[in-house]
Each structure stands twice: as C-alpha cells, then as structure tokens.
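Survey of secondary and tertiary structure
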Amino acid sequence: MSALLLSGAPGSPYTRKMVALLRYRRIAYRLLLSTTGAPALPAAKPPLLPTFYLPGPDGALQAVTDSTPLIRRFEAEFAGRAVVPADPALALVDALLEDFGDEWLTKAMFHYRWTYPADIRKAGEVLACWRGGPHDDAALAATADAVRQRQIPRLRYVGSNPSTGPVIEAGYQRVLLALEDHFRTHRFLMGARPGASDFALYGQLTQLVHFDPTSMALAAEIAPRVGAWVLMMEDLSGLEPTDTDWLNVTRLPDSLKALLRETGRLYVPLLRANAQALQAGQAELQATIDGQPWVQQAFPYQGKCLAWLRRDHQALSAADRARADAVLAGSGCEALFIP
Ligand SMILES: N[C@@H](CCC(=O)N[C@@H](CS)C(=O)NCC(=O)O)C(=O)O
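Residues numbered from 1 in each chain as written. Predicted model: local features only at pLDDT ≥ 70, side-chain atom pairs only at ≥ 80, totals over all residues. Heavy atoms only, no water.

**Here we look at the sheet that holds strand β3 (residues 51-55)**
The test is simple: Pairs of strands are assigned from DSSP output, requiring at least two bridges between the strands. Strands are runs of DSSP state E lasting at least 2 residues, helices are runs of H or I lasting at least 4, and numbering of each runs from the N terminus. For helices, the fitted axis covers only the stretch in contact; all axes are lines through C-alpha atoms, and the angles between them, taken along N-to-C directions, range from 0 to 180 degrees.
If you trace the four strands from one edge of the open sheet to the other, you get β2-β1-β3-β4, paired in mixed fashion. The open sheet has two edge strands, β2 (29-32) and β4 (61-64), and neither has a second partner. When strand polarity is set aside, the average angle formed by the axes of neighbouring strands in this sheet is 25 degrees. Bridge count between β3 and β4: four bridges; the pairing is antiparallel. Residue pairing for β4: Pro55 is matched across the bridge by Leu61.

**What to know about the site of the ligand**
Selection criterion: Proximity is defined per residue: if any heavy atom of the residue lies within 4 Å of a molecule or strand, that residue is considered near it. Any N or O atom pair separated by 3.5 Å or less is treated as a polar contact, with the protein-specific requirement of one donor-capable and one acceptor-capable atom, and with residues adjacent in sequence counted only for side-chain atom pairs. Per-residue accessibility takes into account occlusion by the displayed protein chains alone, with areas from the Shrake-Rupley method and a 1.4 Å probe. Amino acids outside the nonpolar list (Ala, Val, Leu, Ile, Met, Phe, Trp, Tyr, Cys, Pro) and the charged list (Asp, Glu, Lys, Arg) are all regarded as polar, and Gly is one of them. Domain segmentation is taken from an automatic or database assignment of domains.
For the ligand, the full set of nearby residues is Ser12, Pro13, Tyr14, Pro47, Leu48, Leu49, Asp66, Ser67, Arg150, Arg154 and Tyr301. Interatomic distance of 2.8 Å between a backbone N/O atom of Leu49 and an oxygen atom of the ligand. Contact between the ligand and Arg154: an oxygen atom at 3.5 Å from a side-chain N or O atom of the residue. Calculation on the ligand without its partners gives an accessible area of 510 Å², and the protein chains cover 78% of this total. Classifying every residue of the shell around the ligand by side-chain character gives six nonpolar, two polar and three charged. Two domains each provide a minimum of three residues to the shell around the ligand, namely domain 1 (4-77) and domain 2 (88-237 + 248-337).

**Considering the side chain of Asp198**
Formally: Relative accessibility under 20% of the residue-type maximum defines a buried residue, over 50% an exposed one, and the middle range a partly exposed one, all with a 1.4 Å probe and only protein chains included. Asp and Glu are treated as the negative residues and Lys and Arg as the positive ones, with His and the ends of the chain left uncounted. Whenever Lys or Arg places a side-chain nitrogen within 4 Å of a carboxyl oxygen from Asp or Glu, that contact is recorded as a salt bridge. A contact between two residues is defined here by any heavy atoms of the two lying within 4.5 Å.
Looking at the element boundaries, Asp198 is found in helix α8 (residues 196-208). No salt bridge is formed by the buried Asp198; its nearest oppositely charged neighbour, Arg193, is found at 8.8 Å. For Asp198, the side chain forms a polar contact with the main-chain nitrogen of Gly195, separated by 2.8 Å. Non-local contacts of Asp198, meaning those with residues more than four positions away in its chain, are made with Phe188, Leu189, Met190, Arg193, Trp229 and Met233.

**Concerning the packing of aromatic side chains**
Going by this rule: Any Phe, Tyr or Trp ring, taking Trp's six-membered ring, that has another such ring centre within 6.5 Å forms a pair; planes under 30 degrees apart are called stacked, those over 60 apart edge-to-face, and the others tilted.
Going through the model one piece at a time under the given rule, you end up with nine aromatic pairs. Taken together, a centroid distance of 6.3 Å and an interplanar angle of 40 degrees make the contact between Trp130 and Phe211 tilted. On the criterion of sequence distance, the pair formed by Trp130 in the loop between α4 (117-129) and α5 (137-151) and Phe211 in the loop between α8 and α9 (213-222) is long-range, its members being 81 residues apart. Its relative accessible area of 9% is what places Phe211 among the buried residues.

**So, the state of the cysteines**
Inclusion rule: Only a pair of cysteine sulfur atoms within 2.5 Å qualifies as a disulfide here.
Applying the stated criterion across every chain yields a total of zero disulfides. Its sulfur unpaired, Cys333 is 14 Å from the next cysteine sulfur, which belongs to Cys305. Relative accessible area serves as the criterion here: at 0%, Cys333 is assigned to the buried category.

**A few points about α4**
Turn by turn, an α-helix covers 3.6 residues, leaving residues three or four places apart pointing in a common direction. Counted only if it meets this: One less than the residue count of a helix, multiplied by 1.5 Å, gives the span that helix is expected to have. The directions from the helix axis to the C-beta atoms form the arc being described.
If you check α4, its first and last C-alpha atoms are 19 Å apart, about what 13 residues at 1.5 Å a residue would give, namely 18 Å. Among all positions in α4, only Asp119, Ile120, Ala123, Gly124, Leu127 and Ala128 are buried. Summarising the axial view, the buried residues of α4 lie within an arc of 140 degrees, below the 170-degree limit, and thus occupy one face. Against α3 (88-115), α5 and α9 lie the buried residues of α4.

**Re the environment of Ala63**
Tracing the backbone through its elements, the reader meets Ala63 in strand β4. Linking Ala63 and Leu5, residues 58 residues apart in sequence, is a C-alpha distance of 10.0 Å. With residues near it in sequence (within four places) discarded, Ala63 still touches Pro42, Ala43, Ala44, Thr51, Phe52 and Tyr53.

**Let's talk about the packing of helix α1 (residues 13-25) against α3**
Two elements in contact, α1 and α3, have axes whose closest approach is 11 Å; the angle formed by their N-to-C orientations is 145 degrees. Residue-level inspection shows Pro13, Tyr14 and Lys17 of α1 in contact with α3, the latter providing Glu98, Asp102, Glu103, Thr106 and Met109.

**Re the domain arrangement of the protein chain**
Convention followed: Note on terms: buried area is the combined drop in 1.4 Å-probe accessible area of two parts once they are placed together, counting the loss on both.
Assigned domains within the protein chain: domain 1 (4-77) and domain 2 (88-237 + 248-337). Here the C-alpha centre of domain 2 lies 21 Å away from the C-alpha centre of domain 1. Taken residue by residue, the interface counts 18 residues in domain 1 and 25 residues in domain 2. Together, the buried faces of domain 1 and domain 2 total about 1,900 Å²; carbon and sulfur atoms form 53% of this surface.

**What to know about the environment of Tyr157**
Looking at the element boundaries, Tyr157 is found in helix α6 (residues 155-158). Setting aside anything within four residues of it in sequence, one finds Tyr157 in contact with Gln296, Gln297 and Phe299.

**Some remarks on the pattern of salt bridges**
Taken as a whole, this structure holds 18 salt bridges when the rule is applied. Between Arg174 and Asp290 there is a salt bridge, with the nearest N and O atoms lying 3.6 Å from each other. With Arg174 in helix α7 (residues 165-182) and Asp290 in the loop between β5 (284-289) and β6 (292-297), this residue pair connects regions lying 116 residues apart in the sequence. Several salt bridges converge on common partners, so that one network encompasses Lys17, Arg72, Glu98 and Asp102.

**Brief notes about the nonpolar core**
The following threshold applies: The term nonpolar core refers to a set of buried residues drawn from Ala, Val, Leu, Ile, Met, Phe, Trp, Tyr and Cys, joined through side-chain atoms within 4.5 Å.
Counting 99 residues, the largest nonpolar core has Phe74, Tyr172 and Leu205 as its most contacted members. Here this core takes 15 residues from α3, the largest share from any one element. Per-domain counts for this core show at least three residues from each of domain 1 (4-77) and domain 2 (88-237 + 248-337). What Tyr172 contacts, discounting residues up to four positions off in sequence, is Ala108, Tyr112, Leu205, Leu208, Val209, Ser215, Leu218 and Ala219.

What follows is the structure, encoded as structure tokens:
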C-alpha cells in the first residue's frame, strides 16, 4: 500500500496524536502541512485537522476525519503493533482514557492557550507562522491577530470562563501528578507498550507540556517524567512490543485508577449532561463539575463519544464486562453505563 496521505499542523493535538501513532505502527505516511496547491484533494466536512485522504469504495480519495474511529480502522487494515489492548476489558479502559484525553484535556489546552497573555502572544504568532508561506513582520502581526481574534471567543465552546477556569486548571494539575506517579513504575499508560489512550493524552500534552508557556512551566515544576514521556512518545518506531506488555486489568496500578477517577470526576458529568441536553433538544448543557456550575453549548459529537463507549461496554462478554466494571467501580466512570 502506498503511504497514507493526511493534512495537519504541529499545533493541532489530534494531528500529533495520529502522526505519532502512524510512526509507532510503522505505517508509511505523507503529512501535508498545507493543502494549498493540492486542489485535487476533497475537503472534509466539517474541516478538521488532521484530515486523512483515503481511497473510498470506488478508489477515489475521500476526506476522513476523527482520530478515534480512524485508529480502529487502521487496527483492522494494518497488522501488528496494535494500540487497542488485546484484553477487551482493558481495551474499554483504554478507550475511556483516550476519550478523556481527546475531549476533556483539550479543554485545558484551549483554556491555557487563549486565557493568559504570554500564551496568547506565543500561540498567535507561532500558529500564524504555520499558515501559508513565510511572513514578513507586518504579515505575521496581522495573521497572529486574526488567529487570536478567531480563537479567543471560542473559549466559550469548551466551557472555559472565569468560574470554570479554576476547575480546569486544578484538573490539569491532578492529571499531571497522576501521570507523574504512573511513570515512576510504568513506561506507558497501558503498561510496557502504548495504547490508544497514550496517543490521545500525548497529543494534548505536546501542547500543554511543551508549547503553551503557563501550562508548560507548571509541568516542568511538578512533572519531569511527563515531560520526558511526551518527547519519547513522538517517535516509538523502534519499540518492539510483545503480547505480555499490556497491563493486567485486574491489577491496575493506583496511578491509573487515579486517572480514571479524574475521568469520572470531570468528564463523566459533562458527557451525561450533554446527552440529556441533546435528548431534550436544548442548545446548552448545564452541569455541576467539581462543585462548580458548568454551562456550555451542547455537542452532538460528544453525544457520539458516549454512544461509542456504551456500545463497546455493551459488546463485552458478561465475564469481560464484570472485569471492566470491577475496575471502574468507585471511579465515577461507572455512571456512564447507567442510562
Ligand atoms: N474528534 C476530532 C477532533 C479534531 C479537531 O477538533 N481538530 C481541531 C484542531 S486540533 C480542528 O481542526 N478544529 C477546527 C478549527 O480549528 O476550525 C479528532 O479526533 O480528530
């Protein structure tokens, strides 16, 4: 098969997630940093990064987005070096943490980047450099301003505001500490080899831990192992994983359980309130997260995330589901599977 074609950007956590995954899986790829000059490529709807251009049933290229189902598609299409754990109960835990990384940790990324002056300044300029060709100073200043003016008002879509900011930041710090603790004894979230959740958290943390100054300074202070892990995740092409490298789901380390507790504490109430709002046809969801009122636009996409997780939980055999439920009990995540 010829190299997979995708477009993306270094400042896009989901692009970083997928490029690192392709490297680890030794799937040849070509990354387009810009699609200008490639007019033959179809456009993704909605236009999200990364976009993959994959042959459809008629052989013509189709624009495909959404890292989570793409990872499963590539698991089926390319053999070996799987990122979905072999044990279905552990695979559910991995999928849950993947979603927490993709959908919750991205709130921290967006919040830090577009809240603090130093972060706004840097992201405006650097993201602008990645748009189009080289910029002279005036063009860079103008593009940086346009990027900022587009992104800052979008803070409300992720639910970041002065009352939720402290909840987002305290959550980010606890996640860093749980990861730091985990990396005292394990190389990856899923054991001695990475799972889909490793790549999801990695994607967001490329930005939080190594790009945006405020969240980066915090990580440097309290989580050196996390900083090292992020840089290592970038290229795992030389790792030789074996079947026994996965964690044993019946003996999950407390550090991983701490991450599940964060998922239950922060993300699960959001997913449930979002599902209720969507069901009632309401444009806004209202939740209480960590004791704070949380109001944001309801997201059909996160309704889909919840449906995928419920489908995966439902698809487990009774014995596997019992093992998964035993691990999730008391984390707050069990509430996801109660309709
Ligand atoms: N669920 C998607 C999310 C992708 C996504 O949200 N990408 C961001 C950039 S990191 C994007 O393209 N946002 C649209 C925009 O900025 O206009 C995935 O997993 O790939």
